[in-house]
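# Close look at the chain arrangement
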Amino acid sequence: MKLQNTIFLALCCTLGLFTKKLIGPFSNVITDALHIPGGISTAFSLMFLVVAAGITGQKWSATLMGAVQSVLALAFGMVGSMGILAPIGYILPGVAIDLMVTLRRGRKGDLTVRLFFANVLASMIAALSADLLVFHLPGLALTVYLSVAATSGGICGYLAGILYGRLRATNLFQDNKEMEE
């Protein structure tokens, strides 16, 4: 792994963790109105992991970033309602991102579409793991929770595609393997 990629992964990992705290109050307005635990700030946070996995093309980079984020979240006391189980909520979405982005690179298709679906899937997995471990929501509330996670994941996935395109256009990452074909 090149030093440039490692630095970019660390930057995106940090951005994802701290933007989650920044966007949290805004997302709480929406989730409190819907009486669900969350899902919006997580989707925004996952967007940085998706972009980093897409730009670097490193296998299992999103899983690694999720693991690093979980350690940092535990160290900084940013675990939310999941407590000591927070690493599961960080690592499982990273695995989902890697499965959508890096392991599917042999298939034809536009990477920005895969980034979109990676963010949607990772957001839903984060919400589902939080529900299974902590919240245990009844059917309708769980459906709303997962729908909000999917919607916010889609919006952030779209933003991830735009960010990926702009970063790719800079040619800073031209030595990385082309994953679009």
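When two helices pack together, their arrangement is given by the angle between the helix axes and by the axis-to-axis distance. Between helix α3 (residues 61–76) and helix α4 (residues 86–101), the shortest axis-to-axis distance is 7 Å and the interhelical angle comes to 165 degrees. When the axes of α3 and α4 are compared, the pair comes out roughly antiparallel. In this structure, α3 crosses over α4, and the sense of that crossing is right-handed. For the pair α3 and α4, contact is made by Ser61, Ala62, Thr63, Gly66, Ala67, Gln69, Ser70, Ala73 and Leu74 and by Pro87, Tyr90, Ile91, Gly94, Val95, Ile97 and Asp98, respectively. A per-class count over the contact of α3 with α4 returns nine nonpolar, six polar and one charged.

The subject of this paragraph is the nonpolar core. If you look at the biggest cluster of nonpolar residues, it comprises 28 residues, and the most contacted ones within it are Phe8, Met65, Ile97 and Val101. The next biggest cluster of nonpolar side chains, apart from the first, holds 15 residues, and it includes Ile36, Ala86, Tyr90 and Leu146.

This part takes up a nonpolar patch on the surface. A cluster of nonpolar side chains, namely Leu74, Ile84, Leu85, Ile88, Leu92, Leu128, Leu132 and Leu133, defines an oily patch on the protein surface of about 670 Å² accessible area. Elements that contribute at least two residues to the nonpolar patch include exactly α4 and α5 (111–135). When you line up the elements, leucine 85 lands in the loop between α3 and α4. Judged by relative accessible area, leucine 85 falls into the partly exposed class, the value being 34%.

With their axes 7 Å apart at the nearest point, α5 and helix α6 (residues 139–169) run at an angle of 150 degrees to one another. Considering their axes alone, α5 and α6 lie roughly antiparallel with respect to each other. At the point where α5 passes α6, the crossing takes the right-handed sense. Within the contact of α5 with α6, the residues separate by chemical class into 18 nonpolar, seven polar and one charged.

Our next topic: α3. With 16 residues, α3 extends 22 Å from end C-alpha to end C-alpha; this agrees with the ideal 22 Å at 1.5 Å per step. Next to the buried residues of α3 lie α1 (3–34), α2 (40–56) and α4. Glycine 77 sits one or two positions beyond α3 and adopts a positive phi of about 70 degrees.

For the structure shown, the criterion picks out four aromatic pairs. Judged by centre distance (5.9 Å) and plane angle (40 degrees), the rings of phenylalanine 18 and phenylalanine 76 are tilted. With phenylalanine 18 in helix α1 and phenylalanine 76 in helix α3, the pair connects residues that are 58 residues apart, well separated along the chain. Classification of phenylalanine 18 by relative accessible area gives partly exposed; the value is 36%. Judged by relative accessible area, which is 48%, phenylalanine 76 ranks as partly exposed. When the ring of phenylalanine 116 is compared with that of phenylalanine 117, the centres are 5.1 Å apart and the planes differ by 80 degrees; the resulting orientation is edge-to-face.

Among the structural elements, serine 70 can be located in helix α3. For serine 70, the residues in contact, after removing those within four places along its chain, are Pro87, Tyr90 and Ile91.

A few words now on α5. Structural remark: α-helix, 3.6 residues per turn; residues separated by three or four positions point the same way. The end-to-end C-alpha distance of α5, which contains 25 residues, comes to 34 Å, matching closely the 36 Å that a straight helix rising 1.5 Å per residue would cover. Downstream of α5 by one or two residues, histidine 136 has phi in the positive range, about 55 degrees.

Quick look at the side chain of serine 41 now. Looking at the element boundaries, serine 41 is found in helix α2. With near-sequence residues (within four places) excluded, serine 41 lies in contact with Lys20, Ile23, Gly24 and Ser27.

Here is what the cut-offs are and how they apply
Residue indices begin from 1 for each chain and proceed along its sequence in written order. In view of the model being predicted, local features appear only for residues whose pLDDT reaches at least 70, and side-chain atom pairs are presented and counted only at 80 or more, with totals across whole chains, interfaces and linings using the full set of residues. Values shown for side chains rest on all heavy atoms present in the structure; no hydrogens or waters enter the calculation. Axis definition: a line fit to C-alpha positions, over the contact stretch in the case of helices; interaxial angles, taken between N-to-C directions, run 0 to 180 degrees. Helix and strand definitions follow DSSP, with helices as H or I runs of at least four residues and strands as E runs of at least two, each counted in order from the N terminus. The cut-offs work like this: below 35 degrees is roughly parallel, past 145 is roughly antiparallel, 65 to 115 is roughly perpendicular, and the gaps in between are oblique. Left-handed describes a crossing whose near helix is turned anticlockwise from the far helix by less than a right angle; the clockwise case is right-handed. By definition in these notes, contact holds between two residues if any of their heavy atoms fall within 4.5 Å. Gly is placed with the polar residues, together with every amino acid not listed as nonpolar (Ala, Val, Leu, Ile, Met, Phe, Trp, Tyr, Cys and Pro) or charged (Asp, Glu, Lys and Arg). Here the nonpolar core consists of buried residues drawn from Ala, Val, Leu, Ile, Met, Phe, Trp, Tyr and Cys, with membership extended through side-chain atoms lying within 4.5 Å. Burial status follows relative accessibility: with a 1.4 Å probe on protein chains alone, a residue under 20% of its type maximum counts as buried, one over 50% as exposed, and anything between as partly exposed. What makes a patch is a set of residues exposed beyond 30% relative accessible area and free of salt bridges, joined within 9 Å when like-charged and within 5 Å when nonpolar (Val, Leu, Ile, Met, Phe, Trp, Tyr). All accessible areas in this document rest on Shrake-Rupley with a 1.4 Å probe, and a residue is counted as covered only by the protein chains that are shown. The rule for a salt bridge is simple: a side-chain nitrogen of Lys or Arg has to be within 4 Å of a carboxyl oxygen of Asp or Glu. Given a helix with a known number of residues, its expected span is that number minus one, times 1.5 Å. For Phe, Tyr and Trp, where Trp contributes only its six-membered ring, two rings pair if their centres lie within 6.5 Å, and the inter-plane angle classes them as stacked under 30 degrees, edge-to-face over 60, or tilted in between.

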